[in-house]
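# Geometric and topological summary
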Amino acid sequence: MYISQHLDAAGASLEKAARVISEAQDAHVTEKHVDPETGATEVAESSVPDHEVRLKGAKLSLEAHGALENVGAQVNIYQNMTDEQLAAVACGQAKMSDFIDLRPCA
């Protein structure tokens, strides 16, 4: 909280950071065309997607949303299981459903 207050006071708010990440996902780079015969830079320029910046922006966005955290599931078991049952599951000799009801709670 202390750091957040100081960042906000300095103008580095979450809103501003989110805006930068959003803009990065639409980044373009301007390419100047060089004449291969003369080496002169042509006046014609083109704007193309800057994929490197866009990928970094997408990654930052996914990280901020928590989408890049360990993919998996945390399971809380509110039923007693014996050490032997847990070992059988850990070794792949049995499934959790062999010992407990895995239906979602209502």
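A few points on the structure. Think of each chain on its own: its residues are numbered from 1, step by step along the sequence as written. Totals for whole chains, interfaces and linings use every residue, but because this is a predicted model, local features are given only for residues with pLDDT of at least 70 and side-chain atom pairs only at 80 or more, for both listing and counting. As a rule here, side-chain values cover all heavy atoms of the structure and leave hydrogens and water aside.

Moving on, we get to the side chain of Asp50. Helix numbers and strand numbers start at the N terminus; a helix is a DSSP run of H or I with at least 4 residues, a strand a run of E with at least 2. In this structure, Asp50 sits in the loop between strand S2 (41-49) and helix H3 (51-64). Throughout, exposure labels follow a simple rule: accessible area from a 1.4 Å probe, protein chains only, divided by the maximum for the residue type, with under 20% read as buried, over 50% as exposed, and the rest as partly exposed. In this count, Lys and Arg are taken as positive residues and Asp and Glu as negative ones, while His and the chain termini are left out. Salt bridges are defined as contacts in which a side-chain nitrogen from Lys or Arg sits within 4 Å of a carboxyl oxygen from Asp or Glu. It turns out Asp50 is buried and unbridged, and the closest side chain with the opposite charge, Arg54, is 7.3 Å from it. With sequence-adjacent residues up to four places away left out, Asp50 is seen in contact with Ala27, His28 and Val29. Whether two residues are in contact is decided by their heavy atoms: any pair within 4.5 Å suffices.

This part covers the environment of Gly57. Among the structural elements, Gly57 can be located in helix H3. Overall, Gly57 belongs to the buried group, its relative accessible area being 1%. With 37 residues separating them along the chain, Gly57 and Val20 place their C-alpha atoms 8.2 Å apart. Those residues in contact with Gly57 that lie beyond four places of it in its chain are Ile21, Ala24 and Gln25.

One pass over the structure, following the stated rule, counts three salt bridges. The partner of Glu15 in a salt bridge is Arg19, with the nearest N and O atoms 3.4 Å apart. Residue Glu15 and its partner Arg19 are both found in helix H2 (residues 14-24); the two are separated by four residues, about one turn of the helix. Among the residues examined, Glu15 registers a relative accessible area of 59% and is labelled exposed. Overall, Arg19 belongs to the partly exposed group, its relative accessible area being 40%. The closest approach of N and O atoms between Lys59 and Glu63, which form a salt bridge, is 3.9 Å.

These figures capture arrangement, not role.
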